[in-house]
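Residue-level structural notes
Below, each chain spelled out in residue letters.
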Amino acid sequence: MSEPAVGTVETKLTKKDFETDQEVRWCPGCGDYSVLANVQRVLPEFGIPRERFVFVSGIGCSSRFPYYMNTYGFHTIHGRAPAFATGIKLARPELSVWIVTGDGDGLSIGGNHLLHVIRRNVDVQILLFNNRIYGLTKGQYSPTSQLGMKNKSMPMGVIDYPLDPVAFALGAGATFVARTVDVDSAGLQDVLRRAHAHPGAAFVEILQNCPVYNDGVWEAIEDRRTRVEAGLPLIHGEPLVFGAKGRRRGIRIEHGTPRLIALADEDDPVAAGVTVHDERHESPAYAMALATLAPPDFPIPTGVFRAAERPSYERLLDEQVTTAVRERGPGTLEGLLHSGDTWSVE
Amino acid sequence: MSEPAVGTVETKLTKKDFETDQEVRWCPGCGDYSVLANVQRVLPEFGIPRERFVFVSGIGCSSRFPYYMNTYGFHTIHGRAPAFATGIKLARPELSVWIVTGDGDGLSIGGNHLLHVIRRNVDVQILLFNNRIYGLTKGQYSPTSQLGMKNKSMPMGVIDYPLDPVAFALGAGATFVARTVDVDSAGLQDVLRRAHAHPGAAFVEILQNCPVYNDGVWEAIEDRRTRVEAGLPLIHGEPLVFGAKGRRRGIRIEHGTPRLIALADEDDPVAAGVTVHDERHESPAYAMALATLAPPDFPIPTGVFRAAERPSYERLLDEQVTTAVRERGPGTLEGLLHSGDTWSVE
Amino acid sequence: MNKAQASADRASKTQHPQNPNERKPHERLERVAIRFAGDSGDGMQLTGTKFTESTALAGNDLSTLPDFPAEIRAPAGTLAGVSGFQIHFSSTDVRTPADQPDVLVAMNPAALRANLADVRLGGMLVLNADAFTEKNLERAGYREDPLPDVRERYRVVEIPLTKLTIAAVADLGLSQREATRSKNFFALGLMYWLYGRPVESTLRWIASRFPDDVGEANRRVLMAGYHFGETSELFPVSFEVPPAKIEPGVYRNITGNTALAWGAVAASTQMGRPLFVGAYPITPASEILHELAKHRNFGIKTFQAEDEIAAAAAAIGAAFAGHLALTVTSGPGFLLKQEALNLAVVAELPLVLVDVQRAGPSTGLPTKTEQADLLMALYGRSSDSPMPVLAPATPGECFSIMLEAFRLAVKYMTPVVVLSDGYLANSAEPWRIPDTAALPRSVVSYHTEPAGFAPYHRAAETLARPWAIPGTPGLEHRIGGLEKQDGSGNVSYLPDNHQRMTDLRHQKVAGMARDIPPLELRGAASGRLLVVGWGGTHGAIATAVDETRADGGEVAHLHLRHLNPLPSDLGDVLGRFERVLVPELNTGQLVRVLRDRYLVDAQSLTKVQGQPFRIAELRSAIARLLED
Amino acid sequence: MNKAQASADRASKTQHPQNPNERKPHERLERVAIRFAGDSGDGMQLTGTKFTESTALAGNDLSTLPDFPAEIRAPAGTLAGVSGFQIHFSSTDVRTPADQPDVLVAMNPAALRANLADVRLGGMLVLNADAFTEKNLERAGYREDPLPDVRERYRVVEIPLTKLTIAAVADLGLSQREATRSKNFFALGLMYWLYGRPVESTLRWIASRFPDDVGEANRRVLMAGYHFGETSELFPVSFEVPPAKIEPGVYRNITGNTALAWGAVAASTQMGRPLFVGAYPITPASEILHELAKHRNFGIKTFQAEDEIAAAAAAIGAAFAGHLALTVTSGPGFLLKQEALNLAVVAELPLVLVDVQRAGPSTGLPTKTEQADLLMALYGRSSDSPMPVLAPATPGECFSIMLEAFRLAVKYMTPVVVLSDGYLANSAEPWRIPDTAALPRSVVSYHTEPAGFAPYHRAAETLARPWAIPGTPGLEHRIGGLEKQDGSGNVSYLPDNHQRMTDLRHQKVAGMARDIPPLELRGAASGRLLVVGWGGTHGAIATAVDETRADGGEVAHLHLRHLNPLPSDLGDVLGRFERVLVPELNTGQLVRVLRDRYLVDAQSLTKVQGQPFRIAELRSAIARLLED
Ligand SMILES: Cc1ncc(C[n+]2csc(CCOP(=O)(O)OP(=O)(O)O)c2C)c(N)n1
Ligand SMILES: Cc1ncc(C[n+]2csc(CCOP(=O)(O)OP(=O)(O)O)c2C)c(N)n1
Ligand code: SF4
Ligand code: SF4
Ligand SMILES: [Mg+2]
Ligand SMILES: [Mg+2]
């Protein structure tokens, strides 16, 4: 968790304070606009002075994000943002460090860095904009593109199995994993707040529409009319239930495998055997099972999959420094140079 | 699956045929010796002529493997073996391509390539030697090293959470995942046979001892005396039961979470609610739950976690070629150069 | 359009010059450069492409250059969103898209503002008057209306292009938004009339390409523009640019990127081995991957890897397995591939790497051109790692350079670098389609003989090791990045062997100079000044040298296509001139190599602006050196 | 041993030369080079290190070089498993570990076979006779017993070392295997006697280091070796190498890798800012990471990243956040970091990269030395990307070069490359510990003033932009790899700005030449031949030049520590000599830079064998150039 700094901001900041003078240059209708606005809206709530935020990104449409945030920002190189962010956070744990990446930046060229920043549990927030396409380079497929999808680099259709960002993050040992949707302001803001509050690497997949190269890829869950059937909102302590009245269904995970349970409106889902959502399981197995839920058989879960507490990497590193100083005293150059065997010549 | 080539070998090959004249240069007692011997023992069974095997490795002690195999071999660069192997397999699907890598080579610098070769389901066999240490560079920790372990690069102890190779592979969408132990010849050979038979990317984690830099890290499961308690052999269709007579326990996975069930010797494990191992689940959720089993609370599962059928990448790519030729006829240079708008000048 | 139709078109145009605007006088011009500019959404690239096709059919020599914004779709009406396309055509030779357009078609104020400075003073500005609203002026960053001032310095033609477009399709029942989408066709039609271009091929293309209603709208608007020229008082004359004298043959327009892709296909068909392409998308090289991915029916396997390292590695793997292997990228990606290339150098495997250079360093100006990766190609790998480097001079030459690159890679068993650039990639020129029957054809054969086989046993002349691919009985062997024993290929740590192998790797590449034909100069074989260029600056330098020579300047032009090894007669040639000038779009790279190698006091002319050289810049640099 | 003890030792040795082997005559020698060689498991590195410490206490000047096998533990008794350690010590100056050892201690036939060719003809071979069994001879690849032949050409001393060791510890109840483990101490004790080295410090070290029983065994065996020399008939004389004249001060032995690490610590303490180290293990650079990881109590944060790219990126991130950032690697890793370095060039952030060069290309000979990454450091990034490059000359200089590198990085806001090499990394020399109070100290300050702040507003002289770190109120800004507008740092696609920024980046680095002190030559300031070197070849070149001059040869030596920018007086200096020779452990890299820059016909002496230059090789090359 970025050091809580409540009270250090004299006057409460507003969304405006987080806007820059740079013209926002995404295509009209791009899902990135909504994410930007919601981030700018949520940040003032944290009571952290603006200068303590750093946004770090790779390369891609989404990675232009830092230019539009009136905070510190670093638009780095393709795929490596997690490594830059790690250096920043280890150097200055008091900063609130946010990584912005895309499905190409974060899961194609940058997959390994994302894996390791998550594994190490560095206390950063990771926003992965998943539009299932390379936007900036004009329409090649990405590691999350659907099988069979035709695009510039695979004109006969994609033959790679798509990666699920949530499963990937859990496989990496993530302590916090969430999924949200570009146009769902309330859900997005909620997840951003939770990500910020989490003391470790907080991984957030944001389903994002690219109207130019992959329009409608998340339509079912973006559209208010179909969202109830297509989405499964995860609420800690509540059973895994979705669907409109009269079509309610629950999900039960038994012997590791999820299956649907049809529910009459008056049924008590828990009594009917529906699994109750628990983001705090020590074992990631449960969250993994959730991660495997996907259309067409299942709805898309959104919200927080997992939120487990473990000391963060930069805290453990700082502790080594503190311990070393405590046990050995602060290092002195004189002492170092004269350590071990020396002799004098007169 | 490498094209079955039964019958194309005139005289049955033997272990000797797969040995090279190069002196094997691992440290005395290194777990790599046993793996090498077992691979050399199993290969002749496949009835594939020697020249159709290619062993591809990165850099590390384990990655010296190809030099000792009298097949085609490519000792490439650190972490990138999966990418080289992908090129070889896509170019010539008829070859049997084996990747040899280590926990550093495959999961540190090479994590992304391993992720993607697994995701794409290229039909290769991947042997990841996990000694939880960098051997070749003399004892730095790796992404699988245990928390707190002291080593050359983290003298005050490791603070990164270890990655579980099996969970990683499942997060990447693996169709075949297995785990085995260097000294367990029977188990190792069995898994090698299964990996070879699998038509897609077959990921095998091999628990390997490095007597020089990380001696005894797998002792509990390597030692015949403790193996019954420390290991959980996975057998398709059998319940998840382990432990010696009188101390038998089973594992049940409910609502996504595994827990132990104590079993009297006469109990029927299935009746007692123990989960039955099924490697063929379409959903990876079950295998994920197995992957989270680890000491001290659980035994280490060994054997095949998952074996799902999906067409392999190189087959789908070949199909695109075939389809294109069928639909458009074989390409001719003359046709290509004259496609689209042209004009003549006389 | 198929070939027959095309040549019919061309024939009807040249044999029966039925200029349709007979009612107005027309002037003859030798050459014209037009730039179409508008918002990214305005279809300027399409407009330019169609004008180009029609111009080619009219028999002119030509050269074109698109200029994309870096953003996918920047907000409408802003400077960042301006997209442009320039075409230069002539009744004589054309080698560049021209320094300054004579005509600018600007669809909005931003397009005017972004391009005005480039237009020749006194040139013609064709503006969409409807777009010059206060709001648009503001979006373009104009504080006040620029037109009063602009009208003094240019011939400004203001046309209510949007309104005329809407009027032309009034009865088609389209929404206003749909209707205005066609307005680029109005501009196109008008320019067709103004320069006497044939409209037929475009009409046919419209009919084949669009759904009926949209097609009809486009057709009407195109013709409305055409007739507007004919009837409006705004244009007292039309122009004629007579056909150029062009070598007979079948022609097409080609960009550098397409030619590189097709060259690779040709290498595959002519060498009888399948092509494997490992690539990771990056501007401005992605189109090569896109183009090759279309042609699976040639047996081509394209592989979009997870990153550039994997792309190179997969290509090297495919080379090991006996494919013709290609990897395509731009500077930042090239850099990432260097470790894998280094392995290919040691493993001595054939591979072609194409680097379409862009402006840097780092992300830089990704859509802009530069020639700044030469030294990286030569020296950018750890330790001593010699690799041949080639560079095409023109879009069309991109085709033949790929044949050459693959030929050398396989003959010498070595990776080969081809340096293209953002300018060559996107600019187009008419290209005489080679006679495929006459292209050299030689099927590559692998080594198959087990007797006496050793993986590093070298051919006497080329020093190439055998290409022995997995699957071949009896040739099982292991290769890798540790130093190899010469001959056996086993790992060797012996000092003398390392020296020997290092020397052999150098000698092998140096020996490739045998394959380079004698140098040809433009101009006299000796004298006062030699201008030495490489890569995509060829057109500009050649033009500048020709113009200077036409004015009596004693200057010659040498263009290098082989940058490593250098041609063996290069030292001689350099020595025959008093001065040497090396113009490059970098801070001086080839010039360093020449000075080092030949100890000639070569001077550097550099430009690092993401833009090609202007002919005028080159001429004045040449003039300066000729004077003092 | 603490300092007081050490100096007491030294004092007792030099003031009261109680040579314990009084009973045998002893000869005075000016210099001796000894090589200890045995199986990897034989403890040769330890033996060498202890001999070195004792020799330092004896007051000699010295230089050492270990030689590890590439394998972790190759099979016992094989050539691949031989591990060696050479020490050269003298009563006068020593600058290299010597071309040829005078004495070889060989613990088995493989050690003899691997090293014999290096030994001076007529030199002494001390062999463990017990190890010369048939089986061992075969393992070492000897077809027949080599000794009859060897005895003719060398002074061979055969000692049943294993048996004598076992005998010495017979009553300690150790197993035979345990007992024989101590045999290296026998050899050490014997050499102590032979060259009159003090044993006390080693005895103390044994006592403090081993458990009681092993310690006792080692002690006894050491003394057994010592007394063996005294009593055995095999050694008629012992030798004395009197102390050298050495500048007064406190000394220690230091290797290049340790000195690099400590130099980084010193930069941190002297500049008052914490150190961040991003690294990925790679031979021969890993030890720098290991050493720095030990010193958390300096506030040092070391970070073992997932790969080299991440290591560089994390370091750049830490630099952005205000730390002194370091990344350490070798060639193949350097290459992977280039894209991140390119970003640091554009972002203008301070960073030091250390490349401990090893033999390549590709994986090459990872434990061997080479100097072949210079051109990659200068030119290995895409596009025009100037970066300063420094190189230390000696292990001790590795310390000061790091202070210089960090000073320049922060002063000019730029990444800086330091090129060390495998030879410097592992070789050791006595190093006079600098007076820390006298080391320059200046606490780095960040920019904090919001008024008039612009991220790319440059300091007038240095052209450095301000270091404004996250957390500073009012300085919020964004940086990145797209071209920056000068001053504001906003993204700019304007051609002129790109030219301006490119020029500024070059000028900034070029301007660093101001910080380079005037060049100093060894030898006359002008004349017939100048030998120009850089990096770890300093000792060998200086020795060769000194020896040649002592013989009357007219030659001078210039050693470059700044390779980019080059010193401003370099052109002048080169111009004052008739000939210039540039010896390098590569195929000629600095020589290219000098020829290009100064158009001097510098000649190259190259060697690519994974081995340092021999003085003899250099002398004969110098002689050749002086002759003709
Ligand atoms: C080393 C390198 N390789 C390739 C590129 C080209 N490139 C820029 S962004 C991008 C993909 C971006 O996709 P994604 O992360 O999904 O972002 P989006 O544009 O869809 O938001 C690529 C391939 C680059 N800039 N650098
Ligand atoms: C680019 C690059 N970086 C670093 C190295 C050094 N290196 C070689 S092997 C290795 C780690 C090997 O660890 P692992 O894969 O676990 O293999 P093991 O030796 O334990 O079998 C490293 C860091 C290298 N060869 N290349
Ligand atoms: S290309 Fe797609 S992702 Fe990129 S800005 Fe446009 S709409 Fe957004
Ligand atoms: S260092 Fe460890 S892994 Fe490497 S060869 Fe030796 S025992 Fe095996
Ligand atoms: Mg995307
Ligand atoms: Mg390992």
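This structure is a prediction, so every number in the text was calculated from the model and none was measured. (Residues numbered from 1 in each chain as written. Chains lettered and ligands numbered in written order. Predicted model: local features only at pLDDT ≥ 70, side-chain atom pairs only at ≥ 80, totals over all residues. Heavy atoms only, no water.)

**What to know about the confidence of the model for chain C**
With 96% of its residues at a pLDDT of 70 or more, chain C has an overall mean of 94. Overall fold confidence (pTM) sits at 0.95, and the ipTM for the predicted complex is 0.96. (pLDDT = per-residue confidence, 0-100.)

**Quick look at the site of ligand 1**
Within the structure, ligand 1 sits among 21 residues, and A:Cys61, A:Ser62, A:Asp103, A:Asp105 and C:Glu308 are positioned closest to it. Ligand 1 is flanked by residues contributed from chains A, C and D. Between ligand 1 and A:Cys61 there is a distance of 2.8 Å, counted from an oxygen atom to a backbone nitrogen or oxygen. Within the backbone of A:Leu136, a nitrogen or oxygen atom sits 2.9 Å from an oxygen atom of ligand 1. For ligand 1, the accessible surface in isolation is 590 Å², of which the surrounding protein chains cover 98%. With three residues, the top contributor of residues to the shell around ligand 1 is helix α3 (residues 103–109) of chain A. (Near = heavy atom within 4 Å. Polar contact = N/O pair within 3.5 Å; in protein donor to acceptor, adjacent residues only side chain to side chain. Areas by Shrake-Rupley, 256 points an atom, 1.4 Å probe, with all protein chains shown as cover. Helix = DSSP H or I, 4+ residues; strand = E, 2+ residues; numbered from the N terminus.)

**Some points on the interface of chain C and chain B**
Of the residues lining the interface, 79 residues belong to chain C; the matching set on chain B comes to 59 residues. Carbon and sulfur atoms make up 61% of the area that chain C and chain B hide from each other, which totals about 5,800 Å². Among the residues chain C hides against chain B, the three largest losses belong to C:Asn297, C:Glu306 and C:Arg478. Together they make up 13% of the total. There are three salt bridges connecting chain C and chain B. Among the ionic pairs, C:Glu306 bridges to B:Arg120, the shortest N-O distance being 2.9 Å. (Contact = heavy atoms within 4.5 Å. Buried area = accessible area lost by both parts, 1.4 Å probe. Salt bridge = Lys/Arg side-chain N within 4 Å of Asp/Glu carboxyl O.)

**Concerning the site of ligand 3**
Around ligand 3, the surrounding shell consists of A:Trp26, A:Cys27, A:Cys30, A:Cys61, A:Asn131, A:Gln208, A:Cys210, A:Pro211, A:Val212, A:Tyr213 and C:Ile72. The residues that come close to ligand 3 belong to more than one chain, namely chains A and C. Each residue belonging to the shell around ligand 3 can be placed in one class, and the counts come to nine nonpolar, two polar and no charged. (Nonpolar A, V, L, I, M, F, W, Y, C, P; charged D, E, K, R; others polar.)

**Observations concerning unusual backbone geometry**
C:Pro284 follows C:Thr283 through a cis peptide bond whose omega is 0°. Here C:Pro284 shows up in the loop between β10 (275–279) and α12 (286–293). Look at the link from D:Gly360 to D:Pro361: it is a cis peptide, with omega at 5°. On the secondary structure map, D:Pro361 appears in the loop between β13 (351–357) and α15 (374–379). The phi torsion at C:Leu463 lies on the positive side, around 65°, for a residue other than glycine. Judged by relative accessible area, which is 17%, C:Leu463 ranks as buried. (Buried < 20%, exposed > 50% of the residue type's maximum accessible area, 1.4 Å probe, protein only.)

**Here's the deal with the packing of aromatic side chains**
Inspection of the entire model under this criterion finds 51 aromatic pairs over all chains. Through a chain of ring-to-ring contacts, three or more aromatic side chains come together here, namely A:Trp26, A:Tyr33, A:Phe46, A:Phe55, A:Phe65, A:Tyr68, A:Trp98 and A:Phe129. A cation sits over an aromatic face here: C:Arg465 above C:Tyr456, 4.8 Å from the ring centre. We note D:Arg113 situated over the ring of D:Tyr142; from NZ or CZ to the ring centre the distance is 5.6 Å. (Phe/Tyr/Trp six-rings, centres within 6.5 Å; stacked < 30°, edge-to-face > 60°. Lys NZ or Arg CZ within 6 Å of the ring centre and 35° of its normal.)

**A few points about the domain arrangement of chain C**
Residue and element names in this part refer to chain C. Taken domain by domain, chain C consists of domain 1 (2–240), domain 2 (252–437) and domain 3 (527–627). Taken together, the contact between domain 1 and domain 2 spans 17 residues of the former and nine residues of the latter. Contact between domain 1 and domain 2 buries roughly 860 Å² in total, counting both sides, with carbon and sulfur atoms accounting for 54%. Our enumeration of links across domain 1 and domain 2 arrives at one salt bridge. The partner of Asp67 in a salt bridge is Lys368, and the shortest N-O contact between them spans 3.0 Å. Between the two partners, domain 1 and domain 2, sit two residue pairs in polar contact (both at pLDDT 80 or more). Only α2 (44–57) and β3 (61–67) provide two or more residues apiece to the side of domain 1 that touches domain 2. Ranked by the residues each element gives to the side of domain 1 that touches domain 2, the list is headed by β3, at seven residues. Across the side of domain 1 that touches domain 2, the residue classes tally to eight nonpolar, five polar and four charged. (Domains from an automatic or database assignment.)

**Focus on the coordination of the magnesium ion (ligand 6)**
Residues and elements named next belong to chain B. Only Asp103 (OD), Asn131 (OD1) and Ile133 (O) from the protein reach the magnesium ion (ligand 6) as donors, at distances of 2.1 to 2.2 Å. For the magnesium ion (ligand 6), all donor residues lie on one chain, and their spacing in sequence is D-x27-N-x1-I. Judged on exposure class, the residue Asn131 and its partner Ile133 are both buried. (Donors = N, O, S within 2.8 Å, 3.2 Å for Na, K, Ca; no water.)

**Some remarks on the environment of C:Phe577**
Residues and elements named next belong to chain C. Within the secondary structure, Phe577 sits in strand β22 (residues 577–584). A residue is classified by how much of its surface remains accessible, and Phe577, at 8% relative accessible area, is buried. Linking Phe577 and Val531, residues 46 residues apart in sequence, is a C-alpha distance of 9.8 Å. With near-sequence residues (within four places) excluded, Phe577 lies in contact with Leu521, Ala524, Ala525, Ser526, Gly527, Arg528, Leu529, Leu530 and Ala556.

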